[in-house]
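Structural description and commentary
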Amino acid sequence: MSAPIFPVIDYSRIVSSNPMIAAQEKDKLFQSFKDVGFIYLKGFNFPPEFIDTLFSHLHKFFSLPEEQKLAIEGGEKQAFRGWFAPARTAKNPEKADQKEAFGLGNDKDETRPNRWPSNWPEFRRDFTTFYEECYKMHLELLRALTEKVGLDRESLIPSVKAKDCYSALLHYYETSLESFDTRVRSAPHTDFGTLTLLFNDSNGGLQVKNQEGQWVDAPPMRGHAIVNVGDLLSRWFNGQLKSTQHRVVQPPAETRETENGTTTVIPSRYAIAWFGHPNRDAVVEPLKECVTAEWTQKFKAVVAGKHVKERMARLLEHGYLPEKWTDDMHRKPIAV
Ligand SMILES: O=C(O)CCC(=O)C(=O)O
Ligand SMILES: [Fe+2]
């Protein structure tokens, strides 16, 4: 196997009680987010078998009869909780990514109830555990990053304590080769929040834009999460940490035997993303420790909830058509 394209960070070293080990790993974490904005994370709270269980839930959920999924369809009015049909990943089906999704948030947030599939307690239990564990891990990573700019390690914690995070279960369904000419699985974007923890099945497709502006494959590695910096964390660190563009393209096509000969298809792919977001009412502006005479303030203050909602609504409104996409689109203010 070739060398991983991002640095591999060992979570167990970040939280090690040996200060030398922890400091070394935190340096590497900070530097990696400065250089590329992406890492592979290993040594964390749950074993690969737990992720396997989550993936088997995904397979089962997305193959439920459509009427059962429609019963828990989500959208902006449901705070993006529930099922998103393929055509609903954008209002105009022509522009939608080739995927269906299930979104969930903090299960204790009664103002935005999750829309769980009925009669399936294990699904709710396991994804709630997953959500909570990812939340804990992201806290430790935030602590490490704030320490690195000379702040108290608890400085950012009050701004994320509401657990207003989000998780998206993704099914990029099998398609014919022809329909891929004009459509993508997930068009180029940056994530909106603090840190994203991403778990992939063994089918590739994720690509990340490198410093030279080229798209490079970020293949999945068993037992590792891919973790990347989102826009709001980048803002907090005044752009020192990079919120890097990524996209999902098709893996190699497969040829199948059929009764009438052969057919070429793009195989399906499943992914589980957990997006760390600050509290809805948190005001995110560059930390003063990250603003200097040489590196002046790059961003204005934004209210986190407004930023996230606008970005999600825009995604749903417009979809991401590659030919219409411009690299700075996500930074343009939305007309309200
Ligand atoms: O499916 C993937 O690997 C990545 C998905 C992604 O980037 C996202 O949903 O923000
Ligand atoms: Fe993403």
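As annotated in an unreviewed UniProt entry, the chain carries the name Fe2OG dioxygenase domain-containing protein and is attributed to Aspergillus minisclerotigenes. On record in UniProt, under Sequence similarities (unreviewed entry), the comment for the chain is "Belongs to the iron/ascorbate-dependent oxidoreductase family."

Focus: the nonpolar core
The biggest cluster of nonpolar side chains holds 87 residues, and the ones touching the most others in it are Leu41, Phe127, Phe130, Phe199 and Phe237. A per-element tally of this core places helix 5 (residues 121–148) first, with 12 residues. Here Phe237 is in contact with Phe30, Leu145, Thr146, Val149, Leu156, Leu287 and Cys290, once residues within four sequence places are set aside.

Some words on the coordination of the iron ion (ligand 2)
Metal coordination angles in their ideal form are 109.5 degrees for the four-donor tetrahedron and 90 or 180 degrees for the six-donor octahedron. Of the protein atoms, only His189 (NE2), Asp191 (OD) and His246 (NE2) coordinate the iron ion (ligand 2), at distances of 2.1 to 2.2 Å. Of note, the donors binding the iron ion (ligand 2) are all from one chain and are spaced H-x1-D-x54-H. With Asp191 in the loop between strand 7 (186–189) and strand 8 (195–200) and His246 in strand 12 (residues 246–248), this pair connects stretches of sequence that are 55 residues apart.

Looking at the environment of Lys28
Here Lys28 lies in helix 2 (residues 19–35). With 22 residues separating them in the primary sequence, Lys28 and Phe50 have C-alpha atoms 27 Å apart. For Lys28, the residues in contact, after removing those within four places along its chain, are Pro7, Val8 and Ile9.

Describing unusual backbone geometry
In this structure, Lys163 takes a positive phi of about 60 degrees despite not being glycine. The phi angle at Asn238 is positive, at roughly 50 degrees, despite the residue not being glycine. Following the sequence through the fold, Asn238 ends up in the loop between helix 6 (231–236) and strand 12.

Quick look at the sheet that holds strand 9 (residues 206–209)
Strand-to-strand pairing in sheets goes through backbone hydrogen bonds, with the strands running parallel or antiparallel. Read across the open sheet, the 4 strands follow the order 7-12-9-10; overall the sheet is antiparallel. Of all strands in the sheet, those with a lone pairing partner are strand 7 and strand 10 (215–217), marking the two edges. Within the sheet, the average angular offset between the axes of one strand and its neighbour, ignoring direction, is 25 degrees. Here strand 7 runs beside strand 12; their pairing, made up of 2 bridges, is antiparallel. Bridged to Ser186 within strand 12 is Val248.

Things to note about the site of ligand 1
In the vicinity of ligand 1, the residues found are Leu170, Tyr172, His189, Asp191, Leu198, Asn200, Leu206, His246, Val248, Arg269, Ala271 and Phe275. At a separation of 3.0 Å, an oxygen atom of ligand 1 approaches a polar side-chain atom of His189. One of the side-chain N or O atoms of Asn200 is found 3.2 Å from an oxygen atom in ligand 1. When isolated, ligand 1 has an accessible area of 300 Å², and the protein chains bury 93% of it.

Considering helix 2
Compared with the 24 Å implied by 1.5 Å per residue over 17 residues, the 24 Å span of helix 2 between its first and last C-alpha is a close match. Taken residue by residue, helix 2 has Ala22, Glu25, Lys26, Leu29, Phe30, Ser32 and Phe33 as its buried positions. Buried residues of helix 2, seen end-on, are gathered within an arc of 160 degrees and therefore sit on one face of the element. Opposite the buried face of helix 2, at more than 90 degrees from it, the exposed residues are Met20 and Gln24. Against the buried residues of helix 2 lie strand 1 (8–10), helix 1 (11–14), strand 2 (38–42), helix 5, strand 8 and strand 11 (225–229).

Cut-off values and rules
Along each chain, the written sequence defines residue order, and numbers are assigned to residues from 1. Chain A is the first chain written and ligand 1 is the first ligand written, with later ones labelled in order. Given that this is a predicted model, residues contribute local features only at a pLDDT of at least 70 and side-chain atom pairs are listed and counted only at 80 or more, while totals for whole chains, interfaces and linings are drawn from all residues. In computing side-chain values, all of the structure's heavy atoms are included and hydrogens and water are not. UniProt positions are given in the numbering used here, feature names are shortened, and annotations may be inferred rather than shown by experiment. To define a nonpolar core, start from buried Ala, Val, Leu, Ile, Met, Phe, Trp, Tyr and Cys residues and group those joined through side-chain atoms within 4.5 Å. Each residue's exposure class comes from its accessible area (1.4 Å probe, protein chains only) as a fraction of the maximum for that residue type: buried when under 20%, exposed when over 50%, partly exposed otherwise. A run of DSSP states H or I qualifies as a helix once it reaches four residues; a run of E qualifies as a strand once it reaches two. Both are numbered from the N-terminal end. Contact criterion: two residues are considered in contact whenever any of their non-hydrogen atoms come within 4.5 Å of each other. Counted as donors are N, O and S atoms no farther than 2.8 Å from the metal, or 3.2 Å for Na, K and Ca; water is not among the atoms, and sites may therefore look incomplete. Pairing between strands is defined by DSSP: at least two bridges between the two strands are required. Simply put, an axis is a line fit to the C-alpha atoms, just over the touching stretch for a helix, and the angle between two N-to-C directions goes from 0 to 180 degrees. Each residue is tested against the molecule or strand, and it is near if at least one of its non-hydrogen atoms lies within 4 Å. Whenever two N or O atoms come within 3.5 Å, that pair is a polar contact, provided that in protein one can donate a hydrogen and the other can accept it, and provided that, for residues adjacent in sequence, both atoms are side-chain atoms. Areas reported as accessible are Shrake-Rupley estimates using a 1.4 Å probe. Residue values count occlusion only from the protein chains shown. Expected span of a helix: the number of residues minus one, times 1.5 Å. Regarding the arc, it is the one traced by the directions from the helix axis to the C-beta atoms.

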